[in-house]
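Residues per chain, in single letters:
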Amino acid sequence: MANELNFIDLFAGASGMSEGFVNAGFNPVAHIEMNPEACQTIKTRAAYHYLKSNNNLDLYYQYIKGEISKEMFFNEIPNEIVDSVLNIEINDDTIEDIFKKIKTSNKKIDLIIGGPPCQAYSLLGRHQEDIENDPRNKLYIQYGRFLNHFKPRAFVFENVPGMLSANKGQHFKNLKAYFRRIGYEVYHDTLNAADFGVVQARKRIIIVGWKKEKDFGFPEFEKIVKQFTVNDAFADLPVLKPGEGFKKVNYTENKNEYLQHFELRNGVDFVTQHISRPHNPRDLAIYKTAIQKWNKGKERLKYPDLPEELKSHKNQSSFIDRYKVVDGTGVAHTVVAHIAKDGHHYIHPDIKQCRSISVREAARLQSFPDDFYFEGSRSAAFKQIGNAVPPLMANAIAKKMKELL
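Scoring rules and cut-offs
Residues numbered from 1 in each chain as written. Predicted model: local features only at pLDDT ≥ 70, side-chain atom pairs only at ≥ 80, totals over all residues. Heavy atoms only, no water. Buried < 20%, exposed > 50% of the residue type's maximum accessible area, 1.4 Å probe, protein only. Helix = DSSP H or I, 4+ residues; strand = E, 2+ residues; numbered from the N terminus. Pairing = 2+ DSSP bridges. Right-handed = clockwise from strand over helix to strand, strands pointing away. Axes fitted to C-alpha atoms, helices over the stretch in contact; angles between N-to-C directions. Parallel < 35°, antiparallel > 145°, perpendicular 65-115°, else oblique. Left-handed = near helix turned anticlockwise from the far one by under 90°. Contact = heavy atoms within 4.5 Å. Nonpolar A, V, L, I, M, F, W, Y, C, P; charged D, E, K, R; others polar.

Asker: What should I look at first to understand the pairing of strand 1 (residues 6–10) in this one?
Answerer: Two faces belong to every sheet, and in a regular strand the side chains alternate between them. Across the five residues that make up strand 1, a large majority, five, are buried. Of the two faces of strand 1, both are covered, the one formed by Asn 6, Ile 8 and Leu 10 as well as the one formed by Phe 7 and Asp 9. Bridge count for strand 1 against strand 2 (residues 27–32) is five bridges, and the pairing is parallel. The residue of strand 2 that forms the bridge with Asp 9 is His 31. In this region the chain leaves strand 1, passes through helix 1 (residues 16–23) and returns to the parallel neighbour strand 2; the handedness of that crossover is right-handed.

Asker: Just to check I follow, could you spell out the packing of helix 1 against helix 16 (residues 391–404) for this structure?
Answerer: It is the contact of helix 1 with helix 16, at a shortest axis distance of 7 Å, that shows an interaxial angle of 45 degrees. The angle between helix 1 and helix 16 falls in the class oblique. In terms of crossing hand, the pair formed by helix 1 and helix 16 is right-handed. Residues Gly 16, Met 17, Glu 19, Gly 20, Phe 21 and Asn 23 of helix 1 form the contact with helix 16, whose own contacting residues are Pro 391, Ala 394, Asn 395, Ile 397 and Ala 398. Within the contact of helix 1 with helix 16, the residues separate by chemical class into six nonpolar, four polar and one charged.

Asker: Looking at this structure, how should I read the sheet that holds strand 5 (residues 154–159)?
Answerer: Whether parallel or antiparallel, the strands of a sheet pair through hydrogen bonds between backbone atoms. One open sheet accounts for seven strands, arranged 3-2-1-4-5-7-6; its pairing is mixed. For this open sheet the edge positions go to strand 3 (85–86) and strand 6 (184–192), each flanked by a neighbour on one side alone. Bridge count between strand 1 and strand 4 (residues 111–114): four bridges; the pairing is parallel. Bridging across to strand 4, Asp 9 finds its partner in Ile 113.

None of the figures reported here should be taken as evidence of function without further support.
Put into structure tokens, the structure is as follows:
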């Protein structure tokens, strides 16, 4: 297609940002990601989009239901689809090789998207000195080398709000000056995913850069006025006990307004990866107390207030909110990659279930559609989800970028 808009996704994670851009009509030329499980997820999703465009989604459904092997599935997918996903760490030693691999596609790059790992700028438990010395802080320079090489018309760079204050704001000033020096006008704003249909209060810095002769400033976005809730997002998923799970299961209710409008339930009559963690008796007793407090008066459980027999840590002055219930009647607090380690910060609001949220519930809090399949272990899936850009927010950005481009 002559008017096709091509993009590269850097530091792609599980491709949540890319999902939003593909659904807006952009064409991914390459995804670059260093995590092997996330790369496998991107390949599976790229295969989904290929099969969807060829009216052959039955093959995809067979795969995610476990009816055919991975090998059988990928035998039906062209090599160029799979090979466009590069499982490589972006650094000084690899970058030229990455350029060569992308060049073989012979497609003009209109846009570069993505955000370097954001843990370097996380304000949680980090000393300023640690932040300044973290090599991930300098990954924006590698990002700029892609801009220099491919010269796209624009770029979209995503990161956590902590980026603005790192090194007393000097880091962000350096970043903007660098992008301007290589030929881009740079704008930024803080967006909240909850304004775009995501049932999660997730604030992110979005930096938009335009080639200087095509300067459109920072896009204006329409915000979703009606606020949906976590209970809307979880409504049709089967009840689970701790440690229970379904690799594939049918829905328990018809689509509600939220799931219909935002297409999270997009055409399939089953859901995958509704799998919860097991919990020990002490954690379950704590979860029960936390849920009761929250559902009764929106009160958060503080660790020092627990009965002595339920405490397992001597430290009672930091991380006192380590047990946190997801707000069923509002939007969730920010889902982060720590969910891969334990579920204490993401307790299900339904006391009858008394567990941390499942893989599929976490995916819905991030607005991934139900036919989006995460490769790897349960922990690997949680990590990919926690690190992702919510596809609904990415889609709102993508639609506006497409309009301007």
